[in-house]
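Secondary and tertiary structure notes
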Amino acid sequence: MILTYLGDALWVIALAIMFGASRQAWARTSPGERIRLPVGEIGRGLGIWALPGAAFAFSLWLALQAREQDSGDAALIVFGVRATAASLLALLHLRWLRPVLRP
């Protein structure tokens, strides 16, 4: 059960980083501005908020999966997936917003 709560805590930290960076990027851009990303240029709203929103939905699914597991190997594997996914998605989002967040 402790792994479930640790996984929740890691996701809270990762999502706080992602939404904080998105909020800062939102304030630095003007309405209608297009954001240049590694995949191309996209609109401001989609470029800033899509990844945190998708990560939040993914975190909810992983939280449900973690609560269905009994203690043991499966719970440890789900915790590992949650911990790795939280950190990687936060880093990807910061990399994604790098051009917008640079001074």
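The structure this text deals with has already been given above.
Quantities reported herein were computed from a predicted structural model and do not represent experimental measurements.

1. As for the side chain of Arg82
- Note that Arg82 resides in helix 3 (residues 73-96).
- Separated by 3.2 Å, the side chain of Arg82 and the backbone oxygen of Thr4 make a polar contact.
- Ignoring sequence-local partners within four residues, the contact set of Arg82 consists of Leu3, Thr4, Gly7, Asp8, Trp11, Leu62, Ala63, Ala66 and Arg67.

2. Things to note about the packing of helix 1 (residues 2-28) against helix 2 (residues 44-68)
- At a minimum axis distance of 10 Å, the contact between helix 1 and helix 2 shows a crossing angle of 170°. By the angle class used here, helix 1 and helix 2 are roughly antiparallel.
- Taken together, the residues that form the contact of helix 1 with helix 2 break down as 16 nonpolar, five polar and four charged.

3. Observations concerning the packing of aromatic side chains
- A complete count under the given rule lists four aromatic pairs for this structure.
- Measuring from centroid to centroid gives 6.1 Å for Phe58 and Trp61, while their planes differ by 20°, and the two rings are stacked. Taken together, the positions of Phe58 and Trp61, both in helix 2 and three residues apart, correspond to about one turn of that helix.
- Overall, the relative accessible area of 47% leaves Trp61 in the partly exposed class.
- One aromatic cluster in this structure is built from Trp11, Phe58 and Trp61.
- Cation over ring: Arg44 sits above Trp26, and NZ or CZ is 3.5 Å from the ring centre.

4. Digging into the pattern of salt bridges
- By the definition in use, this model includes three salt bridges.
- A salt bridge links Asp8 to Arg67, with the nearest nitrogen and oxygen atoms 2.4 Å apart. With Asp8 in helix 1 and Arg67 in helix 2, this residue pair connects regions lying 59 residues apart in the sequence.
- Here Arg82 makes a salt bridge to Asp8, at a shortest N to O gap of 2.4 Å. Taken together, the positions of Arg82 in helix 3 and Asp8 in helix 1 put the pair 74 residues apart, joining distant regions of the chain.
- It is possible to trace a salt-bridge network through shared partners that takes in Asp8, Arg67 and Arg82.

Cut-offs and rules
- Residues numbered from 1 in each chain as written.
- Predicted model: local features only at pLDDT ≥ 70, side-chain atom pairs only at ≥ 80, totals over all residues.
- Heavy atoms only, no water.
- Helix = DSSP H or I, 4+ residues; strand = E, 2+ residues; numbered from the N terminus.
- Polar contact = N/O pair within 3.5 Å; in protein donor to acceptor, adjacent residues only side chain to side chain.
- Contact = heavy atoms within 4.5 Å.
- Axes fitted to C-alpha atoms, helices over the stretch in contact; angles between N-to-C directions.
- Parallel < 35°, antiparallel > 145°, perpendicular 65-115°, else oblique.
- Nonpolar A, V, L, I, M, F, W, Y, C, P; charged D, E, K, R; others polar.
- Phe/Tyr/Trp six-rings, centres within 6.5 Å; stacked < 30°, edge-to-face > 60°.
- Buried < 20%, exposed > 50% of the residue type's maximum accessible area, 1.4 Å probe, protein only.
- Lys NZ or Arg CZ within 6 Å of the ring centre and 35° of its normal.
- Salt bridge = Lys/Arg side-chain N within 4 Å of Asp/Glu carboxyl O.

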